[in-house]
Amino acid sequence: MASRTNQRVLLGVALLCAAASPCADSSRLNAAETPSQPSVVTTNFPIATAARLAGDGKQTRFILDLDQTVSFRATTLADPYRVVVDVPQVNFRLGPGTGTGRGLVRAFRYGLVMPGGSRIVFDLTGPAKIANSYVLEAANGQPARLVVELEEVDRAAFVQTPAPENRPELRPAIAAAPPATIAAAPESAPQKPGAPSDGRPVVVIDPGHGGIDNGTQSNGESEKNLVLAFGLALRDRLEKAGKYRVVMTRDDDTFIPLNDRSKVARNLNAALFVSIHADALPKAEGDAQGATIYTLSDKASDAEAQRLADAENRADAIAGFNLAEEPTDVADILIDLTQRETRTFSNRFAHLLMGEMKSTVRMHKHPLKSAGFRVLKAPDVPSVLVEIGYVSNKGDLEHLVSEGWRSRAVGSMAQAIDTFLAKRMATAGASN
C-alpha cells in the first residue's frame, strides 16, 4: 500500500499532467466554479417584490419587479431545457405560489447560489430561445423591471443559439463572480502540501443542498435548513474540544456545486469529510425511518441507495449547471493509486459511526449502504454521507427539529470522529 507521502507526490504529478490538457468549453454558464476571491460585505441588496409570466406556448414573457435596476446574464441549457438568469444577490420577497409555469415555462425557481449572487432557473416545456432580455428603469410610478422574452424554436435552432458572450442584446454579466463559501483552487493547481500550520487534522462538514436547492421538504420544513442546523451544531461541538480544524462547505443558505464541496476537502488535505442530509421517500414507496450512513461504491447496495444517489447527483441541475459537459475529473487518473485505501478508511469510519449512533439515535433497518455519490468521490479523503433521518416520516421529522435529539446525535457523531481520527493519526505517526 502506497504511503500518504507517495500518494501526494503521485497526485501532484497527475494534476500537472492534467494541467497540460486542453481546457473544457468555458462558454457554458458555471459561475460558481470560478476561483473565488476574499468575501466583501455587501448591504442594501436589491429587493424583488413580484414575478409573473405572460404569453402562450409560442411566446412567453417573464417580468420581475425590483426596487432598483440590476445587471444580469441569461443563457439557455439543454437536456433538460432550461433558461438560467444570473443577477447580483437579490432579496426575493415574492408571494406564495410564485414559480408556477405558463406558456413555454413549466415552472421556475429562484434563490441564492453564492454570496453576492442569485439565480433564476426556468424549466422549459421544450426548446426555446431568448428573443429579448432587458432591464427597465423605474418610471411613472412603476418599479424597475427585469424582462426576459422567450420564443419557441426547434431543437436544431436551439443548439445553434450563440453563446451568451455573443448576444449583443444582453446586458453585461456580473463583473466579478462572487465567492463560494470556501475558495476552490483551479483543477490544474497542485494540491496544497502538508497539513495546516497548527498541525491539527482537518474535518470538513458538508450540510447538503442550500440556496436555490431546498432538498426534500415536508410539513413546512426544508432539508437544507435542518442539515445546516445539524452541521453547525457538530462544528461547535468539535471546535469546543479543540482537537481539529473544522471547515464548513457552507455555513449559511448558499448553494455550493457538488464538485466544489469535495474540492474543499481535497484542497485542505482533510482527514475526514462528512456530508449531512435528510432523505424523503415518495408516497408511492411507503414509509422509512432512521439514520443511514453511505459510503462510495461503483455499484449501489440496493435500489433505494441508487435512487438517493441519482437524486443527489442531479442537485447541480437545480441551479442550472450543465452536468453533461462536466470534464473528466483528475480523480479518475488516481483511482487505482488511492481509492482503495480511502474506501477502506471510509468504511471503517462508517462502522464506527454506526456503533456510536445506534446507542443514541434510531437507525434505519439497513444502516450501512453504498452508492455512487459524486460528493464522496475525493480519491484521497475518507468520506461518508449521513442521512440523519427521513423528513417524510413523522417520527423522524419530530427528532430532526428537536434540539435535544440533535445534541445527542451530534455527540455520538463527535465521539465516532474522535475514535476514528485518534486511531488514524496514531497509525500515520507510526508509519512515518
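What you see is a predicted model; the values in this text were computed from it and never measured.

Draft legend 1. Spotlight on the sheet that holds strand β11 (residues 202-207). The strand order β14-β11-β15-β18-β16-β17 describes an open sheet built from six strands, whose pairing is mixed. Of all the strands in the sheet, just β14 (245-248) and β17 (363-371) have a single pairing partner and so form its edges. Across this sheet, the average inter-strand angle for adjacent strands is 20°, counted without regard to direction. Relative to β17, strand β16 (residues 291-296) is paired through five bridges, and the arrangement is parallel. Bridge pairing links I293 to L368 in β17.

Draft legend 2. Broad picture of the pattern of salt bridges. According to the stated counting rule, one finds 15 salt bridges in the structure shown. Where K58 meets E152, a salt bridge forms, and the shortest distance between an N and an O atom there is 3.1 Å. Of the two residues, K58 is situated in the loop between β1 (47-55) and β2 (59-66) and E152 in strand β10 (residues 144-152); the sequence distance between them amounts to 94 residues. By relative accessible area, K58 is classed as exposed at 54%. Residue E152 is classed as partly exposed on the basis of its relative accessible area, which comes to 37%. When the shortest N-O distance is used, the salt bridge between D123 and R109 registers 2.4 Å. Linking D123 in strand β8 (residues 117-124) with R109 in strand β7 (residues 105-114), this pair joins segments that are 14 residues apart in sequence. Look at R109 and you get partly exposed, because its relative accessible area is 22%. Overlapping salt bridges bring together R52, D65 and R145 as one network.

Draft legend 3. Region of interest: the confidence of the model for the protein. Confidence in the prediction of the protein, expressed as mean pLDDT, is 77, and 71% of residues score 70 or more. Predicted confidence for residues 1-6 stays below pLDDT 50, and this span has seven contacts to residues more than four positions away or in other chains. Here residues 163-196 is a poorly scored stretch, pLDDT under 50, and it has 84 contacts once near neighbours within four places are set aside; other chains count.

Draft legend 4. Structural view of empty space enclosed by the protein. For the coordinates displayed, the defined rule picks out four cavities of 30 Å³ or more. Empty space within the second largest cavity amounts to approximately 60 Å³. Taken together, T295, L296, Q339, T342, R343, S346, N347, L376, A378, V381 and S383 make up the full set of residues lining the second largest cavity. Elements supplying a minimum of two residues to the lining of the second largest cavity: β16 and α7 (331-357). Of the residues forming the lining of the second largest cavity, the biggest block, five residues, is contributed by α7.

Definitions and limits used
Residues numbered from 1 in each chain as written. Predicted model: local features only at pLDDT ≥ 70, side-chain atom pairs only at ≥ 80, totals over all residues. Heavy atoms only, no water. Pairing = 2+ DSSP bridges. Helix = DSSP H or I, 4+ residues; strand = E, 2+ residues; numbered from the N terminus. Axes fitted to C-alpha atoms, helices over the stretch in contact; angles between N-to-C directions. Salt bridge = Lys/Arg side-chain N within 4 Å of Asp/Glu carboxyl O. Buried < 20%, exposed > 50% of the residue type's maximum accessible area, 1.4 Å probe, protein only. pLDDT = per-residue confidence, 0-100. Contact = heavy atoms within 4.5 Å. 1 Å grid on protein atoms, 1.4 Å probe; cavity = no way out; pocket = protein on both sides within 12 Å on 5 of 7 lines; lining within 4 Å. Points joined across faces, edges and corners; volume = space filled by probe spheres on them.

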